[in-house]
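# Observations on the three-dimensional arrangement
Take a look at the letters that make up each chain.
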Amino acid sequence: MSVCDCTEGSRALKALSQNALFGMGNPLLDISAVVDKDFLDKYGLKPNDQILAEEKHKALFDEIVNKSKVEYHAGGSTQNSVKIAQWMIQEPHKVATFFGCIGTDHFGEILKQKAAEAHVDAHYYEQGQEPTGTCAACITGDNRSLIANLAAANCYNKEKHLDVDRNWSLVEKARVYYIAGFFLTVSPDSILKVAKHASDNNKIFGLNLSAPFISQFFKEPLMKVMPYVDIIFGNETEAATFAKEQGFETEDIAEIARRVQSLPKVNKNRQRIVVFTQGREDTVATVGDKVKVFPVLDIDQNDIVDTNGAGDAFVGGFLSELVQEKPLEECIRAGHYAANVIIRRAGCTFPEKPDFH
């Protein structure tokens, strides 16, 4: 089953034009370090979680930089995914566009440099009030606890960036759109504008549930955009939380996928696709009216370095095939491949070239 309705024969030839894939989200500079349980306890962190930084976490960023051996990577969930999609595609460069807000500071310059190195066409909204956002990845064994200090990422301004003609024209050039649910905390109006554009023009709009707190505390903006969502991504924890918040009264992942698929949808030309990953367990996805499972690639547990970017990598791999109008099964296979590569490395990094056939 193809994800796309490729009615015109010429569409395949245009499949990989620049700016065909559009992402918008919170650009963050990832600061990752291995820490111990005492460090997690000190800041009230769970070993495997993602939260927004509160006042009590402010000192954590200084402490992790001063105490530990840290690595810096260009991050933020959506930016990671489009970066990986571009890596999987290789040529042409700048198939992926990315919008988000940064500060006019040193970290902002690093992010611009990293995006350029990844051949992503990043158009940041730059402002001087807030510093560039950071995300501390506190790694303990196979687990990672993420604490995001959005800072500048929180300052994205629809009127001053998305609505500007030269930027909006890049949105119009795209055929596949992807936004992580985290951006619902920043600019739900921007998400809606992009989602409606995709729906009105029969293009593909993807959204990620991103973290349990999105389904819990940002339920209203999430459900406002849901009718425009063609592909929804999430992991088993996020799926279960969403189901609980929506009163589905089931913890069965396949049943949750079915229920999410049948939520109201504006563009009736595309049936919603639901894709739930489950770590080392099978990925669950809706294929037409059925729910199917897709086994992940085997990996020796000793080869796992950092599962930090696995979810973003899966989506990146998936998008790289989706934008080339490949069947759903191929998109998922590419997602599994990308995730398998990323978890063998520290942070959301990858070798020079993919080995995906």
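Residues numbered from 1 in each chain as written. Predicted model: local features only at pLDDT ≥ 70, side-chain atom pairs only at ≥ 80, totals over all residues. Heavy atoms only, no water.

## Re the pairing of strand E9 (residues 176-180)
Put simply, the test is: Exposure is judged per residue with a 1.4 Å probe applied to protein chains only, and the accessible area is read against the type maximum: over 50% gives exposed, under 20% gives buried, and values in between give partly exposed. A run of H or I in DSSP counts as a helix once it spans at least four residues, and a run of E counts as a strand once it spans at least two, with each numbered from the N terminus. Whether two strands pair comes down to DSSP finding at least two bridges between them. Orienting the strands away from the viewer, one traces the path from the first strand over the helix to the second; a clockwise path indicates a right-handed crossover.
The element E9 is extensively covered by neighbouring structure, given that five of its five residues are classed as buried. Residue alternation in E9 divides its side chains into two sets, Val176, Tyr178 and Ala180 and Tyr177 and Ile179, and both sets are buried. Across three bridges, the pairing between strand E1 (residues 21-24) and E9 is parallel. Within E9, the residue paired with Phe22 across the bridge is Tyr177. In this sheet, strand E10 (residues 204-208) lies alongside E9 in parallel orientation, the contact comprising five bridges. Within the sheet, the bridge partner assigned to Val176 lies in E10 and is Ile204. Handedness of the crossover is the feature at issue here: the chain leaves E9, passes through helix H7 (residues 188-200), returns alongside E10, and the resulting connection is right-handed.

## A word on the sheet that holds strand E2 (residues 28-34)
This is how it is decided: Lines fitted to C-alpha atoms define the axes here, with helix axes fitted over just the stretch in contact, and angles between the N-to-C directions of these axes take values from 0 to 180 degrees. Pairs of residues are marked as contacts when any of their non-hydrogen atoms sit within 4.5 Å.
Read across the open sheet, the five strands follow the order E3-E8-E7-E2-E4; overall the sheet is mixed. Strand pairing shows two members of the sheet lacking a second neighbour, strand E3 (49-52) and strand E4 (71-75), which therefore form its edges. Each strand of the sheet is rotated relative to its neighbour by a mean of 20 degrees, with strand direction disregarded. Here five bridges tie E2 to E4, and the two strands are oriented antiparallel to one another. When the sheet's bridge partners are listed, Ile31 is paired in E4 with Tyr72. In the packing of helix H4 (residues 106-117) onto the sheet, the strands contacted are E2, E4 and strand E7 (133-140), and the crossing angle to E4 comes to about 70 degrees.

## A closer look at the packing of aromatic side chains
Which entries qualify depends on this criterion: Two aromatic rings from Phe, Tyr or Trp, using only the six-membered ring of Trp, form a pair when their centres are within 6.5 Å; if the ring planes differ by under 30 degrees the pair is stacked, by over 60 it is edge-to-face, and anything between is tilted. A ring is considered to have a charge above it if a Lys NZ or an Arg CZ atom is located within 6 Å of its centre and within 35 degrees of its normal.
Tallied over the full model, the rule gives 16 aromatic pairs. On the numbers, 4.9 Å between centres and 85 degrees between planes, the contact of Phe22 with Phe99 is edge-to-face. Separated by 77 residues along the polypeptide, Phe22 in strand E1 and Phe99 in strand E5 (residues 96-103) bring together distant segments of the chain. Just as Phe22 is buried, Phe99 falls in that class too. Judged by centre distance (6.2 Å) and plane angle (70 degrees), the ring pair of Phe213 and Phe218 falls under edge-to-face. Judged by its relative accessible area of 24%, Phe218 falls in the partly exposed class. Through successive ring pairs, a cluster of aromatic residues spans Trp87, Tyr337, Phe350 and Phe356. Across from the ring centre of Trp168, 4.3 Å away, lies the NZ or CZ of Lys193, which sits over that ring.

## Some remarks on the nonpolar core
Within soluble globular proteins, side chains that are nonpolar tend to cluster in buried spots. Which entries qualify depends on this criterion: Grouping buried Ala, Val, Leu, Ile, Met, Phe, Trp, Tyr and Cys residues that are joined through side-chain atoms within 4.5 Å yields what is termed a nonpolar core.
One finds Val194, Phe205, Phe276 and Phe318 to be the most contacted residues of the largest nonpolar core, which totals 92 residues. Ignoring any residue separated from it by four or fewer positions in sequence, one finds Phe318 in contact with Ile231, Phe233, Val275, Leu328, Cys331, Ile332, Ala334 and Gly335. Core analysis: the next-biggest nonpolar cluster, separate from the first, contains 14 residues, Phe39, Ile64, Ala136 and Ile147 among them.

## Details of the state of the cysteines
The following threshold applies: What counts as a disulfide here is a pair of cysteine sulfur atoms lying within 2.5 Å.
Evaluation of the coordinates by the stated rule reveals zero disulfides. Just so you know, Cys138 is unpaired, no disulfide at all, and the nearest cysteine sulfur is the one on Cys135, 8.6 Å from it.

## Let's talk about the sheet that holds strand E6 (residues 121-127)
Taken in spatial order, the nine strands line up as E6-E5-E1-E9-E10-E11-E12-E13-E14 in an open sheet, and their pairing is mixed. Where the open sheet ends on each side, the last strands, each with one partner, are E6 and strand E14 (290-294). Strand-to-strand twist across the sheet, computed as the mean angle between neighbouring axes with direction ignored, equals 20 degrees. Bridge count for strand E11 (residues 231-235) against strand E12 (residues 273-278) is five bridges, and the pairing is parallel. Within E12, the position partnered with Gly234 by the bridge is Phe276. Here helix H10 (residues 236-245) sits on the sheet in contact with E10, E11 and E12, set at roughly 110 degrees to E11.

## Description of the environment of Ile191
Residue position: Ile191 is located in helix H7. Residue classification places Ile191 among the buried positions, given a relative accessible area of 0%. Separated by 13 residues in sequence, Ile191 and Tyr178 place their C-alpha atoms 9.7 Å apart. Ignoring any residue separated from it by four or fewer positions in sequence, one finds Ile191 in contact with Met24, Ile179, Phe183, Leu184, Phe205 and Val225.

## Some points on helix H6 (residues 165-173)
Note the cut-off: In this context, the arc is that of the directions from the helix axis out to the C-beta atoms.
Within H6, burial applies to Asn167, Trp168, Leu170 and Val171. Taken around the axis of H6, the buried residues stretch over an arc of 150 degrees, which confines them to a single face. Projecting away from the buried face of H6 at angles above 90 degrees are the exposed residues Asp165 and Arg166. Residues of H6 that are buried make contact with E1, E5, E6, helix H5 (158-162), E9 and H7.

The quantities given are spatial measurements derived from coordinates; they are silent on function.
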